[in-house]
Amino acid sequence: MSKKAAEHHHKAAEHHEHAARHHKEAAKHHESGKHETAAHHAHLARGHHEHAMHHAAEAAKAHIEDHGKAIPAHAELLGAERSLRLVSSRLSWFSNVLTPVSPGIERAVNS
């Protein structure tokens, strides 16, 4: 695996871990009746999920760049670029929707 692909896999894993922590926080706040705070953490979790999917698509794309021509079995991964565009548009939408809720969300999601 290329260094570039491995880095994207690590980043995807980190964002999945961040998403899991925010889901746990959302559950805790929901149980205590703090629904606005719960919603905030749920939105952060969703943002980290989308960012993780972006890195997963980039990892697939890097893998194809390195091995796609030599390994025909990976032909189904050629849709990675299309997936990347979809994830990118979702991240843009997500950022626009949540900005009024909390200006720090974009900063948290992109870290």
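Look above for the structure.
Residues numbered from 1 in each chain as written. Predicted model: local features only at pLDDT ≥ 70, side-chain atom pairs only at ≥ 80, totals over all residues. Heavy atoms only, no water.

A. Layout of the overall build of the protein. Counting secondary structure elements, the protein contains four helices and zero strands. When the helices and strands of the protein are read in sequence order from the N terminus, they spell out α-α-α-α. Put simply, the protein has 111 residues, and 31% of those count as buried. By sequence separation, contacts in the protein at least 24 residues apart represent 68% of the contacts at least 6 residues apart. (Helix = DSSP H or I, 4+ residues; strand = E, 2+ residues; numbered from the N terminus. Buried < 20%, exposed > 50% of the residue type's maximum accessible area, 1.4 Å probe, protein only. Contact = heavy atoms within 4.5 Å.)

B. Broad picture of the pattern of salt bridges. Applying the stated criterion across every chain, the model contains three salt bridges. Between Arg 46 and Glu 50 there is a salt bridge, with the nearest N and O atoms lying 2.7 Å from each other. In this pair, Arg 46 and Glu 50 both sit in helix α2 (residues 35–68), four residues apart, roughly one turn of the helix. (Salt bridge = Lys/Arg side-chain N within 4 Å of Asp/Glu carboxyl O.)

C. Structural view of the environment of His 48. Looking at the element boundaries, His 48 is found in helix α2. Once the C-alpha coordinates of His 48 and Glu 14 are considered, the two residues, 34 residues apart in sequence, prove to be 8.9 Å apart.

D. The arrangement of the side chain of His 55 in detail. Mapping His 55 onto the fold places it in helix α2. By relative accessible area, His 55 is classed as buried at 11%. Residues contacting His 55, with those up to four places away along its chain left out, are His 8, Lys 11, Ala 12 and His 15.

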